[in-house]
Amino acid sequence: MGRTVRRYRGHSDDVLDVEFSPDGMLLASASKDGTLRLWKTNSTESVATLSPYYGAAYSVNTVAFSPDSQFVVAGSDGSHGRGRIRAWNTSDFTAHLLVQTATHAVRSLVFSADGNALVSGNEDSTTTVWDFPGSLADREHEITKEAEVLSPHAPKTIRGNQEEVRKWIVNKMKSNVGLTFSTWGKRQARLGTRSDVWSVAWSPDGRRIACGEFARVRFLDPDSRDPIEPVVEHEL
């Protein structure tokens, strides 16, 4: 019979998902209270409390770590049925990038083995494959490009100064103020299923995505977007 080794306290509502970082240093817990908490695995110390939203407590349904443990990503509910996927780096837990979905809450997340793509299982009966960018430093050229798009929304005192706008964008990211960046969230594929997708898993060889739906498990090809037989049915 197992015994309790540690008890982590801090959430004020149901915990919906938990995940260890691949390097074993952190435990993440996603909760209906609208927060994602990060804990040290060698103690009961909470090292960060994060939220995909600011000023609102929409349920955080799922959490995933990148294979290199450098990023933690959360999927949540949202206003008017629009969920969010948000990433933070695990070195100092500053906000990295954000995707706001169009019509659905996010129920499950999983990374590809190489960390270059992220799959979300969604409430609107779809599974979506997203590009994932890597470190902020690796995307400096795209942040500069984004500065051109967002410059009209920058403070008047720096509008027209591309370098100052770029710094403003990076500071917004580091201060956890939400901005929707077109540099991430490029959708590789949107795969149709038959009911809400509550769980997703990516095969180690990258050739199949398993989707847990109502009373069944379906397999999808991320390249062709076609279903793969067989479908595993659960008896009701």
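Residues numbered from 1 in each chain as written. Predicted model: local features only at pLDDT ≥ 70, side-chain atom pairs only at ≥ 80, totals over all residues. Heavy atoms only, no water.

A. A look at the environment of Asn61. The topology assignment puts Asn61 in strand β5 (residues 60–65). A relative accessible area of 8% places Asn61 in the buried class. Each C-alpha atom of the pair Asn61 and Asp77 lies 7.3 Å from the other, and the pair is 16 residues apart in sequence. Those residues in contact with Asn61 that sit more than four places away from it in its chain are Leu16, Asp17, Ala30, Gly75, Ser76, Asp77, Val106 and Arg107. A distance of 2.9 Å separates polar atoms of two side chains, one belonging to Asn61 and the other to Ser59. (Helix = DSSP H or I, 4+ residues; strand = E, 2+ residues; numbered from the N terminus. Buried < 20%, exposed > 50% of the residue type's maximum accessible area, 1.4 Å probe, protein only. Contact = heavy atoms within 4.5 Å. Polar contact = N/O pair within 3.5 Å; in protein donor to acceptor, adjacent residues only side chain to side chain.)

B. Inspection of the nonpolar core at higher detail. Among the nonpolar cores identified, the biggest contains 15 residues, and Ala28, Leu36, Leu38, Leu50, Val72 and Trp88 are the most heavily contacted of them. Mapped by element, the contributors of at least two residues to this core are β2 (26–31), β3 (36–40), β4 (46–50), β5 and β6 (71–76). Among the nonpolar cores identified, the runner-up in size contains twelve residues, and Val73, Ile85, Leu109 and Trp130 belong to it. (Core = buried A, V, L, I, M, F, W, Y, C linked by side-chain atoms within 4.5 Å.)

C. Main features of the pattern of salt bridges. Using the criterion set out here, one finds three salt bridges in the structure. Of the charged contacts in the structure, one is a salt bridge between Glu45 and Lys40, with a shortest N-O distance of 3.3 Å. On the accessibility criterion, Lys40 (33% relative accessible area) is partly exposed. The partner of Arg107 in a salt bridge is Glu123, and the shortest N-O contact between them spans 2.6 Å. Linking Arg107 in strand β9 (residues 106–111) with Glu123 in the loop between β10 (117–122) and β11 (126–131), this pair joins segments that are 16 residues apart in sequence. A relative accessible area of 32% places Glu123 in the partly exposed class. Three or more residues are tied together by salt bridges with common partners; here these are Asp77, Arg107 and Glu123. (Salt bridge = Lys/Arg side-chain N within 4 Å of Asp/Glu carboxyl O.)

D. Broad picture of the sheet that holds β2. Strand order in the open sheet formed by four strands is β1-β2-β3-β4, and the pairing between neighbours is antiparallel. Looking along the sheet, the strands with just one partner apiece sit at the ends: β1 (15–20) and β4. The average undirected angle you get between the axes of adjacent strands in this sheet is 15°. Looking at chain direction, β2 and β3 are connected through five bridges and run antiparallel. Within β3, the residue paired with Ala30 across the bridge is Leu36. (Pairing = 2+ DSSP bridges. Axes fitted to C-alpha atoms, helices over the stretch in contact; angles between N-to-C directions.)

E. Geometry of the side chain of Ser21. Considering the arrangement of structural elements, one finds Ser21 in the loop between β1 and β2. Overall, Ser21 belongs to the buried group, its relative accessible area being 5%. Residues within four places of Ser21 in sequence aside, it is in contact with Leu26, Phe65 and Ser69.

F. Spatial organisation of the confidence of the model for the protein. Chain-level pLDDT for the protein is 77 on average; 71% of the residues reach the 70-or-more range. Note that pLDDT drops below 50 for residues 174–188; the model gives that stretch 52 contacts with residues more than four away or on any other chain. (pLDDT = per-residue confidence, 0-100.)

G. Representation of the pairing of β10 in the model. By the criterion of burial, β10 is predominantly enclosed, with six of the six residues buried. Summarising the sheet, β9 and β10 pair through five bridges and their orientation is antiparallel. Within β10, the residue paired with Leu109 across the bridge is Ser120. Taking the residues between adjacent antiparallel strands as the criterion, β9 and β10 are bridged by five residues, where Gly115 takes a positive phi near 80°. Where β10 folds back on β11, the antiparallel hairpin that results is connected by three residues, among which Ser125 adopts a positive phi of roughly 65°.

H. Highlighting the pairing of β1. In this sheet, β2 lies alongside β1 in antiparallel orientation, the contact comprising five bridges. The residue of β2 that forms the bridge with Glu19 is Ala28. Between β1 and β2, which pair antiparallel in sequence order, lie five residues; one of them, Gly24, sits at a positive phi of approximately 75°.

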